[in-house]
Amino acid sequence: KTYSQTVSISGRHLSLYEVFNTISKQTGYEFVYDAKLLDSKGAVNINAQGQNLSEVLDKCLNDKALTYSIMDKIIVISPKKAPREVAPAPIAATPVTGTVTDSAGHPLQNVSIQVKGTSRGAMTDASGHFSLDVQPTDVLVISYIGFDKQEVTIGANTNLNIRLAESNKQLGTVVVTALGIKRSEKSITYAAQQVSGVELTKAKDPNLMNTLNGKVAGLTISSSSSGVGGSAKVILRGSKSGLNTNQALYVIDGMPMNNTLTNQPNSSYGGSTAYDGGDPISNMNPEDIESISILKGASAAALYGSQGANGVVLITTKSGKAGRTTISYASGFTLSQAAYKPEFQNSYGVSRTGSTQSWGDKLTTKAHNNLDDFFQTGTNATNAISLAGGTEKTQTYFSYANTSARGIQPTNKLGRNNISFKETGKFLNDKLTAEADVNYITQKIDNTPLSGLYFNPLTGLYLYPRGTDLSQYKSDFEISDASRNGLMVQKWPFHEDVQQNPWWILNRNPNKLNRNRLLLNASLKYEINKYLSIQARGSVDRMNDVYDQKLYADNNSYLAPLNGGYVYQNLTTNQQYGDLLLNFNVPFGKEWRVTGVVGGAIRDLKNSGEKFNSGKEGLHIANVFTLNNFTAMNSVNSGTLPDNHSQYQSVFGSANISFKDWFYVDLTARNDWSSNLAFTPTLSYFYPSVGLNVILSSVTRLPEWVSFAKVRGSYAQVGSSPQTYQSYPARNSLGAEGSIIGNTIAPFTDLKPEKTNSLEFGTEWRFFNNRLSVDATYYKTNTKNQTMLIAASWASYYDYYYINAGNIQNQGVEAVVRYDVFRDSKLTWNTGLNFATNQNRIIELAPGVDDFTLTGASGSNYSSKFRVGGSFGDIYGNVLKKDAQGRIVINSDGAPTKQDGGMVKIGNSNTKFQLGWNNNLGYKHFTLSMLIDGKFGGKVMSVTQSMMDQYGVSKVSGDARDAGGVKINGVDGSGNAVTSIDAQKWYTTIGGREAISGEYMYNATTVRLREVALGYTVPLKDIFIKALKFSLTGRNLIYFYKKAPFDPELTMSTANGLSGVDIFMQPALRSYGLSLNATF
Amino acid sequence: CTKNFEKYNTDNTGISTGQLKPDYNDVGIYLLQAERSIINFSGGGDPNSYQVQQNLNADIFSGYFMSPNPFNGGLNNSNYFMMTGWNGEAMKVGYLNIMSPISKLRANRTDTAYPAVWAVAQIIQIAGMSRVTDIYGPIPYSKAGASKSDIPYDSQEEIYKRFFLELDTATANLQNFINKGETLPFSFANFDMVYSGDFTKWLQFANSLRLRLALHIVKADEATAKAQAEKALNPANGGVITANSGNMAVRVGGSFTNPLVYIDRNWADTRIGADIACYLNGYNDPRISAYLGKSTDKTITSQYIGIRSGAVTGSNIKDDYIGYSALGSAFSLTTPIQIMTAAEVYFLQAEVALRGWANAGGSAQEMYNQGVTTSMNQWNVAIGNYLSDATSTPAAYVDPKFPANDKAAQSAITIKWDDAALFDVKMERLITQKWIAMFPEGQEAWTEHRRTGYPKLFPVAHNQSGGVVKDDEGVRRLPYPQQEYNTNATELKKGISLLGDADNAATRVWWDKK
């Protein structure tokens, strides 16, 4: 390796620390090392003038049992690789050979193998092989940067297979931080957690974000109920904003990704256009991901500006490596099934002929299980191949992946192809580095399950009167209608908006979402001198979605016109990003150093597209699904879509000041100009952050068993721009037939940007030679000046008006504890606990405003809103009328009644705290990992249960009949106690979609066996295949504790509303998989 | 560089006020929206708004219609379980779809530039907002649109006074325009789905509306009622609607459909009420086939049969009543939406005559007979000897499927005018025939039923109001919407004190009290 930088240093009895510091000053390189490594390494005598960096380093470290590696501008110092030459042979030495791999079975090159207590050792070659002469009593110490050190006793073994576990928290780990800047982990002043790519591919899910669930403290992932291809809601440290997105920002290789929230359901009805459009992150090929680092708080993200206010998920993708050519093949096949099903009563039949309800006589035979005729086994097959390789000058990475999945609802399918190509090259004497990366993704989703009351096959499936075998409607979901000259129409006996023939919906209301996405990244970096480099980057993320839904003739007349309907939408979202960065790294004196960046960025986001919905007007000719066949184009439903064009221009700077190797200060400042602030008094906003970090273990002498100690604190402010058009919504839009619809949202020209103030303190401790580590963080964020849409009195001529107000506070604690139970023998076992709690509180809204609705109450007795003193996601509903003694008031009809005065708060779906317990075991060729996680506290509502009760199909409604009624603590009009009430009277009054939702709140606590993966690495030696690993995986295997009739983690919408309510969502999945990884 | 920011942040699908200027769209389109919202179908095809604005309250309480759909598990407005989620729509439409577009006409100076057009706008506003105050009682009117919050309520008495004053201005402007033979620089017919730009007809409607409003308040303020009625009928002021060609009805077409017919045909959410069916059956009324279709339920013989109000409960399924009479042959999806007819005006004149006020235009009997005849003509049916039928009385209700709902006729009133009868009998006869003639406009029918007690309707079959609404009184108003409690609480509280009693369905509005 040659580096152009030269170093001049001379002196005697210099400490290594001084040497490093001098080199650092002269070259701009930063050193990363465990301070303990330098202990008792002795002094250095050196006289070098204008020598190159590697020569000097070699000289200094030659006799110090230390070695180094250089990544970017960081020099990582680590224990020396033992010399390749075998030391003088001891008596009766036996040769052993072995292979060292990572936990995924990939061979590791240049791993140091050292005989404990000697200087003898070896290094692994490109295929991870080594050989060494040893004695049976010897212990080998295997160490490699970024992995846990392992000791192996030779014994009778002459062929060792050693698997090193990646240490996510190794000292000297380099983390990728804002703008793609790599920094040593110990120097950062905020909480960050890194997850290796392996974690994402261990037990696969069609949406890769779901595989992070339970693994990161403070990260809450709610998967949508939208089947394969569905989105995931990813929230770090609690929801902050009512109207703006609360989801984390995704950054790929330093550049923000377009993660525009796609279409989401927004009412309890669901319906034909309330589909989940799929989140952009889920399109990624998990095999392309090298690692993910999660920057949890605003401080970490301050440099990303508005978008980073909710935390950042930084994704580093794989690149080709110099000198090593590998071909990897990964294949996985997963089977999935419903993890639970609603519970039905099987003994009472239909109320009376023609009735939709099941309050009738006892059945003579047990009711047929209709669900088995409906749900199928879901599958997910993924195949990915990647080629990586290169020279010192150029590196190449190519990958192709195919995902093919089907959901548990018949006809729900996903097909995805990912192609990725990345090339890195060095020019001009290695001073100029050019990198370009192209990703092309096609994705096709068929029949996304639609939650809610309309167009959902589950309503008919669940509510149909018991005792009827529905398979008659499966094979013949349509029949010929003579009055329409043989047109095939729906076969179903009811005209009810909420239930139609499930198989008719699947086959005759098909929807389809096609996505084509091109993601281009390019970067040029030039080293001006040893202190300065300049970098220019650009990216284009262009996503085209075509959605199509056909509604065949003879849907229920509420839902679609007589001749059917057609919805077609074509939307292209285009994000362009560019930045120019000047990186500096300047030492001051012997002990101070300032590194940092100043730069500017521009991000431009624009949608373009059109939507056509035949709406209530419908089609001329039945079942012809073309735009030509629309009876009318009603502008209410159809036409050009808003561009939602936003442009953000920013300048920013950051400085990281370090003193020796134990004191670090971070300062950042950023100013954004946002086009979304047009028409308001100020177009820009400024926000700073400051962070502080002290490595206690380097400052003071701590007991031997304390390996490392650090305290950190930071304060940040992050501004956030409003959404497009909020400041001046269009005053009129076109309605039917050229009519005008006046906007019912008042203009808001004194709009101010939202501000989040965030404070965090954290500390990190490691004990017993890093065997036990604890990392804990307290944070508090206050989000102010929120843009809120407030319901107006209609007499103002508006439905809503915006205000800037509020103070929403999130505070919480996150902690990660890891312990290596065994690491010195064949058996490795590390265990980790992560804990997070977040408390959300609405401290204030605005004078005179104490209410802000996220999801309205239309159509069901569920409403999600903010109220001062409450918290994000409070659920409002109706409750039973009770007397002063808490007894249920029974009216003259013998039925319970609803409390007057509208909806009241009946719970909050937010989890109180989360706990994840992760275990990784390794024994010989086997690895076993297991994740148990629990979400504790919170309440969720089930409208599914409420409707099943009203219809008399639920198990509880049957049990109550068997028991002769429902036991209650009630009182009638004349003051007499009522202890029992007829089951039908009770459930038909409290149940249903518009009844007493307070009776349908459930404890959301859920503890589950989230993930199990058992791996076997096939021992191979010197053959074509370098590594081969098989894994058996399972996800969501066991609910140790679950009280709600559905999985509270599921969400109907990944937007801000509709949280904590189940309205006929597809059940959560349990899956089993088999995967194969091979490296050539 | 931020010079494009305003362009980026402007909704490309929006229509700015400036873009509406060409072709006077900034006058006409707003006016059209208001016209289409009195009975709301301004959204196009979807009649959801109308369903909760009127069909699931006034249309039922007037005895015209009943829903076969057991909404909310059979607990809903139709059996006096008042639905908070439904009962705000009339208010919402009143402000957002009627007053708001009309306020834009004032903002763009239509009031001074084209006073005759502004007069039409005012008339539409009064036609629409009078219905809103008749539903709730006190509402924000004089200060509506003045601020974003804390909008004061006016008492109903004040609102009616204001209506009369505004009608004064509107009629004066119209008369001025007509008398001077002025013209507009644009074709008003393009923007008028009622009278195709005929200002004389607007003037006659304005006077007829004044007459209607005058009689609304006869119980609470007889002096004003008399003065306003006489003013309305004074020929010097331009006259009232005298022929069916002058009926106030809003034309529909294209994406716009008659919302009542839509929910009857396409949703089967509304069916004929037992009351109108029993009166028409009992009177052998020739209008019956125009108004009603015959039942289609396979389990009963084909007949004109309505559903008794409050009969549909949680134990019913929609199929139970879906085959009872739907709307009759006179109705199609393009039937204009009727707000006021010549027949109604004759009946109003009959009442003026009956009360002995001036300008009635004829005797009570003449006006009564004229009203019936005009109605028969309107529906293109032969009147036969209807007016001389002194024996037919309303039929009893016999529910062919659920006998528990059977009920004896509530009235023995006959058709033929009897000048010797007592005032109350004459009033019942007059209002009963007016009620038959006003079909299917349930809002005004409910108002007149509340004011006069006629026609006598079957008591609700099941009363789920929890004792609030009395069977023999029926629903007197709709409670204020939850939205007002949430957004305008302080002023609403004052509004409720103007109402004078609890905010529930049993409290009588100002004109409903003596």
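Small disclaimer: the values here were computed from a predicted structure and weren't measured. (Residues numbered from 1 in each chain as written. Chains lettered and ligands numbered in written order. Predicted model: local features only at pLDDT ≥ 70, side-chain atom pairs only at ≥ 80, totals over all residues. Heavy atoms only, no water.)

1. Structural notes on helix 9 (residues 115-136) of chain B
Residues and elements named next belong to chain B.
Alright, step 1. For helix 9, with 22 residues, the first-to-last C-alpha span of 31 Å sits near the 32 Å given by 1.5 Å per residue.
Alright, step 2. Judged by how many residues are buried, helix 9 sits mostly within the fold: 21 of 22 residues are covered.
Alright, step 3. Of the residues flanking the end of helix 9, it is Gly137, one or two places downstream, whose phi is positive at about 105°. (Helix = DSSP H or I, 4+ residues; strand = E, 2+ residues; numbered from the N terminus. Expected span 1.5 Å × (residues − 1). Buried < 20%, exposed > 50% of the residue type's maximum accessible area, 1.4 Å probe, protein only.)

2. A look at the interface of chain A and chain B
Alright, step 1. Listed by partner, the interface residues are 63 residues for chain A and 68 residues for chain B.
Alright, step 2. Summed over both sides, the interface between chain A and chain B buries roughly 5300 Å², with carbon and sulfur atoms accounting for 55% of that surface.
Alright, step 3. The largest contributions to the chain A side of the interface with chain B come from Tyr558(A), Trp794(A) and Tyr797(A), which together make up 17% of the buried area.
Alright, step 4. Here chain A is connected to chain B by two salt bridges. (Contact = heavy atoms within 4.5 Å. Buried area = accessible area lost by both parts, 1.4 Å probe. Salt bridge = Lys/Arg side-chain N within 4 Å of Asp/Glu carboxyl O.)

3. Section: the environment of Ser675(A)
Alright, step 1. Structurally, Ser675(A) can be placed in the loop between strand 35 (663-674) and strand 36 (684-695).
Alright, step 2. By relative accessible area, which is 0% here, Ser675(A) ends up buried.
Alright, step 3. It is 36 Å that separates the C-alpha atoms of Ser675(A) and Asn693(A), two residues lying 18 residues apart in sequence.
Alright, step 4. Sequence-distant contacts of Ser675(A), defined by excluding residues within four places in its chain, comprise His645(A), Ser646(A), Gln647(A), Phe5(B), Tyr8(B) and Asn9(B).

4. A look at the pairing of strand 27 (residues 478-481) of chain A
Residues and elements named next belong to chain A.
Alright, step 1. When strand 27 meets strand 28 (residues 487-490), the two strands line up antiparallel, connected through four bridges. Each residue of the ladder has a partner; that of Ile479, found in strand 28, is Val489.
Alright, step 2. Hairpin connection, strand 27 to strand 28: the antiparallel pair is bridged by five residues, and Asn485 has positive phi, about 55°. (Pairing = 2+ DSSP bridges.)

5. Here we look at the sheet that holds strand 6 (residues 94-102) of chain A
Residue and element names in this part refer to chain A.
Alright, step 1. Spatially, 9-6-12 is the arrangement adopted by the three strands of the open sheet, whose pairing is mixed. This sheet does not close on itself; its edge strands, each paired only once, are strand 9 (129-134) and strand 12 (159-164). The average angle at which neighbouring strand axes cross in this sheet is 30°, direction not considered.
Alright, step 2. Relative to strand 9, strand 6 runs antiparallel, the two sharing six bridges. Residue pairing in the sheet places Gly98 in a bridge with Phe130 of strand 9. (Axes fitted to C-alpha atoms, helices over the stretch in contact; angles between N-to-C directions.)

6. A few points about the nonpolar core
Alright, step 1. By size, the foremost hydrophobic cluster in this structure holds 253 residues, and its most contacted members are Tyr95(B), Phe188(B), Trp202(B) and Phe205(B).
Alright, step 2. Per-element accounting of this core gives the leading share, 14 residues, to helix 9 of chain B.
Alright, step 3. Not counting chain neighbours up to four residues away, the residues in contact with Tyr95(B) comprise Trp794(A), Ala795(A), Tyr797(A), Ser100(B), Met129(B), Ile139(B), Pro140(B) and Ala144(B).
Alright, step 4. Grouped together as the second largest cluster of nonpolar side chains are 25 residues, Val7(A), Phe31(A), Cys60(A) and Ile77(A) included. (Core = buried A, V, L, I, M, F, W, Y, C linked by side-chain atoms within 4.5 Å.)

7. Here we look at the packing of helix 18 (residues 364-378) of chain B against helix 19 (residues 423-438) of chain B
All names here are of chain B.
Alright, step 1. At a closest axis distance of 10 Å, the pairing of helix 18 and helix 19 adopts a crossing angle of 15°. The angle between helix 18 and helix 19 falls in the class roughly parallel. For the pair helix 18 and helix 19, the crossing hand works out as left-handed. Facing helix 18, whose interface residues are Tyr368, Val372 and Ser375, helix 19 presents Arg429, Leu430, Gln433 and Ala437. (Parallel < 35°, antiparallel > 145°, perpendicular 65-115°, else oblique. Left-handed = near helix turned anticlockwise from the far one by under 90°.)

8. Here's the deal with the side chain of Ser100(B)
Alright, step 1. For Ser100(B), the position within the fold is in helix 7 (residues 89-107).
Alright, step 2. For Ser100(B), a relative accessible area of 7% puts it in the buried group.
Alright, step 3. Apart from the residues within four sequence positions on either side, Ser100(B) is in contact with Tyr797(A) and Tyr95(B).

9. Examining the domain arrangement of chain A
Residues and elements named next belong to chain A.
Alright, step 1. Assigned domains within chain A: domain 1 (6-79), domain 2 (94-164) and domain 3 (192-320 + 332-873 + 909-948 + 992-1079).
Alright, step 2. When domain 2 packs against domain 3, close to 1600 Å² is buried across both sides, 46% of that on carbon and sulfur atoms.
Alright, step 3. Here domain 2 is connected to domain 3 by zero salt bridges.
Alright, step 4. Summed over the shared surface of domain 2 and domain 3, the number is zero residue pairs in polar contact (both at pLDDT 80 or more).
Alright, step 5. If you list the elements that add at least two residues to the side of domain 2 that touches domain 3, you get strand 6, strand 11 (150-153) and strand 12.
Alright, step 6. In terms of residue class, the side of domain 2 that touches domain 3 is made up of three nonpolar, 11 polar and four charged. (Domains from an automatic or database assignment. Polar contact = N/O pair within 3.5 Å; in protein donor to acceptor, adjacent residues only side chain to side chain. Nonpolar A, V, L, I, M, F, W, Y, C, P; charged D, E, K, R; others polar.)

10. Looking at helix 14 (residues 274-282) of chain B
All names here are of chain B.
Alright, step 1. The buried fraction of helix 14 amounts to eight of the nine residues, a majority that puts the element mostly inside the structure.
Alright, step 2. For helix 14, the full list of buried residues reads Ala274, Asp275, Ile276, Ala277, Cys278, Tyr279, Leu280 and Gly282.
Alright, step 3. Tucked into the core, helix 14 has its buried residues touching strand 4 (271-272), helix 15 (288-291) and helix 19.
Alright, step 4. Phi for Asn284, located one or two positions after helix 14, is positive at around 50°.

11. Some details on the packing of helix 1 (residues 16-27) of chain A against helix 3 (residues 53-61) of chain A
All names here are of chain A.
Alright, step 1. Two numbers describe how helix 1 lies on helix 3: the axes approach to 11 Å, and their chain directions differ by 175°. It follows from the interaxial angle that helix 1 and helix 3 lie roughly antiparallel. Residues Leu16, Val19, Phe20, Ile23 and Thr27 of helix 1 pack against Leu53, Val56, Leu57, Cys60 and Leu61 of helix 3.
Alright, step 2. Looking at side-chain class alone, the contact of helix 1 with helix 3 contains nine nonpolar, one polar and no charged residues.

12. Examining the confidence of the model for chain A
All names here are of chain A.
Alright, step 1. Per-residue confidence for chain A gives a mean pLDDT of 85, with 93% of residues at or over 70.
Alright, step 2. Contacts of residues 82-90 to residues separated by more than four positions or lying in other chains number 18 contacts, the stretch itself having pLDDT below 50.
Alright, step 3. Predicted confidence for residues 168-172 stays below pLDDT 50, and this span has 18 contacts to residues more than four positions away or in other chains. (pLDDT = per-residue confidence, 0-100.)

13. Some details on the side chain of Asp545(A)
Alright, step 1. Here Asp545(A) lies in strand 30 (residues 532-551).
Alright, step 2. A relative accessible area of 11% means that Asp545(A) is categorised as buried.

14. Brief notes about the packing of aromatic side chains
What describes a pair of aromatic rings is the distance from one ring centre to the other and the angle between the planes of the rings.
Alright, step 1. Under the defined criterion, the tally for this structure stands at 60 aromatic pairs over all chains.
Alright, step 2. With a centroid separation of 4.8 Å and an interplanar angle of 40°, the aromatic rings of Phe926(A) and Tyr1016(A) are classed as tilted. Within this pair, whereas Phe926(A) is found in strand 50 (residues 926-936), its partner Tyr1016(A) is found in strand 55 (residues 1006-1017), the two being separated by 90 residues in sequence.
Alright, step 3. Take Phe926(A): its relative accessible area is 39%, and that puts it in the partly exposed class.
Alright, step 4. Three or more aromatic residues joined by ring pairs make a cluster, and in this case those are Tyr64(B), Phe65(B), Tyr279(B), Tyr283(B), Tyr291(B), Phe331(B), Trp379(B), Trp435(B) and Phe439(B).
Alright, step 5. Sitting over the ring of Trp446(B), Arg450(B) keeps its end group 3.7 Å from the ring centre. (Phe/Tyr/Trp six-rings, centres within 6.5 Å; stacked < 30°, edge-to-face > 60°. Lys NZ or Arg CZ within 6 Å of the ring centre and 35° of its normal.)

15. Overview of the sheet that holds strand 15 (residues 192-196) of chain A
Residue and element names in this part refer to chain A.
Alright, step 1. Read across the open sheet, the five strands follow the order 15-20-21-18-19; overall the sheet is mixed. The sheet terminates laterally at strand 15 and strand 19 (255-256), the two strands that pair on one side only.
Alright, step 2. Pairing analysis gives five bridges linking strand 15 to strand 20 (residues 289-295), with the strands arranged antiparallel. Note on strand 20: the bridge partner recorded for Gln193 is Ile294.

16. Section: the pattern of salt bridges
Charged atoms that come close allow side chains of opposite charge to pair.
Alright, step 1. On inspection of all chains with the given rule, the structure shows 53 salt bridges over all chains.
Alright, step 2. A salt bridge links Arg1035(A) to Glu1011(A), with the shortest nitrogen-to-oxygen separation between them at 2.8 Å. Highlighted residues: Arg1035(A) in strand 56 (residues 1027-1042) and Glu1011(A) in strand 55, separated in sequence by 24 residues.
Alright, step 3. The partner of Glu351(B) in a salt bridge is Arg451(B), and the shortest N-O contact between them spans 2.8 Å. Placement of Glu351(B) in helix 17 (residues 342-354) and of Arg451(B) in helix 20 (residues 442-452) is noted, with a sequence separation of 100 residues between them.
Alright, step 4. Arg451(B) gets classed as buried once you look at its relative accessible area, which sits at 5%.
Alright, step 5. Taken together, the salt bridges that share partners define one network made up of Asp933(A), Lys935(A), Arg1008(A), Arg1010(A), Asp1047(A) and Glu1049(A).

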